[in-house]
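# Structure assessment
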Amino acid sequence: MANLDNIRRLAGKAAKMELRIYAIIRKHDDTYTFEPIDAIGSKGDIVEYVHYL
């Protein structure tokens with residue numbers, strides 16, 4: 001299970017590489033994932049947004 005700090009770090013690196021905004025999502029099984037804000041497909045609650053700046 002990935003914790004929020006690791007997901008936040010990975011989302012930040014991906015956002016900077018791709019110059020996109022990512023949403024960190026807490027899924028219903030209490031795990032976290034991140035997806036580009038314009039292509040969110042996972043079901044769950046958005047925890048925070050990660051910007052590329």
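Please refer to the structure placed before this passage.
Here's what I pulled together on the structure shown here. In this text the structure is predicted, and so the values were computed from the model without any measurement. Here the residue numbering is sequential within each chain, running from 1 through the sequence in written order. Note on the predicted model: pLDDT of at least 70 is required for a residue's local features to be given, and 80 or more for side-chain atom pairs to be given and counted; whole-chain, interface and lining totals, by contrast, use all residues. The basis for every side-chain value is the complete set of heavy atoms in the structure, and neither hydrogens nor water enter the calculation.

## Here's the deal with the side chain of Thr33
With respect to the secondary-structure elements, Thr33 resides in strand 2 (residues 32-36). The contact definition used throughout considers only heavy atoms, calling two residues in contact when any of these lie within 4.5 Å. When sequence neighbours within four positions are dropped, the list of residues in contact with Thr33 reads Ile7, Ala23, Ile24, Ile25, Lys27 and Ser42. Put simply, DSSP marks the helices as runs of H or I at least four residues long and the strands as runs of E at least two long, and each gets a number from the N terminus on.

## So, the sheet that holds strand 2
What makes two strands pair is DSSP finding at least two bridges between them. Taken together, the three strands give an open sheet; going across it, the order is 2-1-3, and neighbouring strands pair in antiparallel fashion. The open sheet terminates on both sides in strands that have one partner only, identified here as strand 2 and strand 3 (45-50). Averaged over neighbouring strand pairs, the angle between their axes works out to 30° when direction is ignored. Note that strand 1 (residues 22-26) and strand 3 share five bridges and pair antiparallel. By the bridge assignment for strand 3, Ala23 is matched with Tyr49. Only the stretch in contact is used when a helix axis is fitted, and all axes are lines through C-alpha atoms; the angle between N-to-C directions ranges over 0 to 180 degrees. Where helix 1 (residues 4-18) meets the sheet, it contacts strand 1, strand 2 and strand 3, and its direction lies at approximately 160° from that of strand 1.

## Concerning the pattern of salt bridges
Basic side-chain nitrogens of Lys or Arg form a salt bridge, by our definition, when they fall within 4 Å of a carboxyl oxygen of Asp or Glu. Taken as a whole and assessed by the stated rule, the structure comprises five salt bridges. The salt bridge partner of Glu18 is Arg20, with a shortest N-O separation of 3.8 Å. Exposure categories follow from relative accessible area, calculated using a 1.4 Å probe and restricted to protein chains: below 20% of the type maximum is buried, above 50% is exposed, and the middle band is partly exposed. Given the relative accessible area of 41%, Glu18 is considered partly exposed. Classification of Arg20 by relative accessible area gives partly exposed; the value is 29%. The partner of Asp38 in a salt bridge is Arg20, and the shortest N-O contact between them spans 2.8 Å. In this pair, Asp38 is assigned in the loop between strand 2 and strand 3 and Arg20 in the loop between helix 1 and strand 1, connecting sequence segments 18 residues apart.

Any functional reading would require information beyond the geometric quantities listed.
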